[in-house]
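# Breakdown of the fold
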Amino acid sequence: MSKKSLLTEMRDTQLAIELIELGARPQVLESETTLSRERLLKLYKEVKGVSPPKGMLPFSTDWFLTWLPNVHSSLFINIHRYITRNSDCSGIEAVLKSYRLYQEYLHTNQAEAVLSFTRAWTLNRFFESRMLETAVCSGCGGHFVVHPDDLHDQYVCGLCNVPARAGKTRKAKAAEGSLRSSGAPTGVPLAGAAEGSLRSSGAPTGVPLAGAAEGSLRSSGAPTGVPLAGAAAQLELTAAV
């Protein structure tokens, strides 16, 4: 075996380990490395301690257009664009760094990850094949994932126009029940109880809750001439990169 092939195998093995640690499916490993399927399966078991999940990769673009996945997908793809446009990263390396920044953003803001690495990798492939694109929200100016065949002249994102049942999942109901059992007043809507908690922590009473949150973000260094959604992304990316 030549020296070149040995180095290639070492790089592919290291890349496969990084992908497995982030939760990549075997199909992603086969697509991004030159290692054999048997070698990848053995490596997966050594890294994770369990057999890899079976089944096909997600192949529909519809999932990325639903409310909460769309917000997380838009965050990831904007991070990916920032990295590819302002550095020499490309391909799988850019996807890896973008996903790590996405995870750091969620950890900093104590938010739960919705986009798995396999979903993020698939999203990038959809953008490369132009099955998805971004549109600018007429409300906040942010760039959000949309279908290229839809009309986007007066596009409004899911954060500016939140759907009526947004976030009303089984997990959210369970969390609400837990909050109620911990002492939240039963006659007050949950959003009101949360607002009261924020007010008691020091938010000004004469300012709307959204304005108080915006003031907190602005005071942390976000540029004043940029819409709030863009300011948040710019602030986090500047800190991360």
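The paragraphs below set out a description of the structure included in this document.

Parameters at a glance
Residues numbered from 1 in each chain as written. Predicted model: local features only at pLDDT ≥ 70, side-chain atom pairs only at ≥ 80, totals over all residues. Heavy atoms only, no water. Phe/Tyr/Trp six-rings, centres within 6.5 Å; stacked < 30°, edge-to-face > 60°. Helix = DSSP H or I, 4+ residues; strand = E, 2+ residues; numbered from the N terminus. Buried < 20%, exposed > 50% of the residue type's maximum accessible area, 1.4 Å probe, protein only. Lys NZ or Arg CZ within 6 Å of the ring centre and 35° of its normal. Expected span 1.5 Å × (residues − 1). Pairing = 2+ DSSP bridges. Polar contact = N/O pair within 3.5 Å; in protein donor to acceptor, adjacent residues only side chain to side chain.

According to the stated counting rule, one finds five aromatic pairs in the structure shown. Considering the side-chain rings of Phe-76 and Tyr-99, the 6.5 Å spacing of their centres and the 65° angle between planes classify their relative orientation as edge-to-face. Taken together, the residues Phe-76 in helix α4 (residues 67-86) and Tyr-99 in helix α5 (residues 91-108) connect sequence positions 23 residues apart. We classify Phe-76 as buried; its relative accessible area is 0%. Tyr-99 gets classed as buried once you look at its relative accessible area, which sits at 4%. Ring plane angle 90° and centroid distance 5.4 Å describe the contact between Tyr-99 and Phe-117, whose orientation is recorded as edge-to-face. Taken together, the residues Tyr-99 in helix α5 and Phe-117 in helix α6 (residues 117-128) connect sequence positions 18 residues apart. Residue classification places Phe-117 among the buried residues on the basis of a relative accessible area of 1%. The rings of Phe-76, Tyr-99, Tyr-102 and Phe-117 are connected pair by pair, giving a single aromatic cluster. When the ring centre of Trp-63 is taken as reference, the NZ or CZ atom of Arg-119 above it lies at 4.1 Å.

Its 18 residues give α5 an end-to-end C-alpha distance of 26 Å, which sits within 8% of 26 Å, the value for a rise of 1.5 Å per residue. Listing the buried residues of α5 in full gives Ile-92, Ala-94, Val-95, Leu-96, Ser-98, Tyr-99, Leu-101, Tyr-102 and Leu-106. Positive phi appears at Gln-110, one or two residues downstream of α5, with a value of about 55°.

Alignment of strand β1 (residues 133-136) against strand β2 (residues 143-146), held across four bridges, turns out to be antiparallel. Paired with Ala-135 across the bridge in β2 is Phe-144. The turn linking β1 back onto β2 is made up of six residues, and Gly-141 within it adopts a positive phi angle of 85°.

A word on the side chain of Thr-13. Structurally, the position occupied by Thr-13 is in helix α1 (residues 3-21). Classification of Thr-13 as buried rests on a relative accessible area of 18%. Among the polar contacts made by the side chain of Thr-13, one reaches the main-chain carbonyl oxygen of Glu-9 at a distance of 2.7 Å.

So, on to α6. Side chains that are three or four residues apart share a direction in an α-helix, a result of its 3.6 residues per turn. Between its first and last C-alpha atoms α6 spans 17 Å; for twelve residues at 1.5 Å apiece the expected length is 16 Å, and the two agree. Residues of α6 that are buried: Phe-117, Thr-118, Ala-120, Trp-121, Thr-122, Leu-123, Asn-124, Phe-126 and Phe-127.

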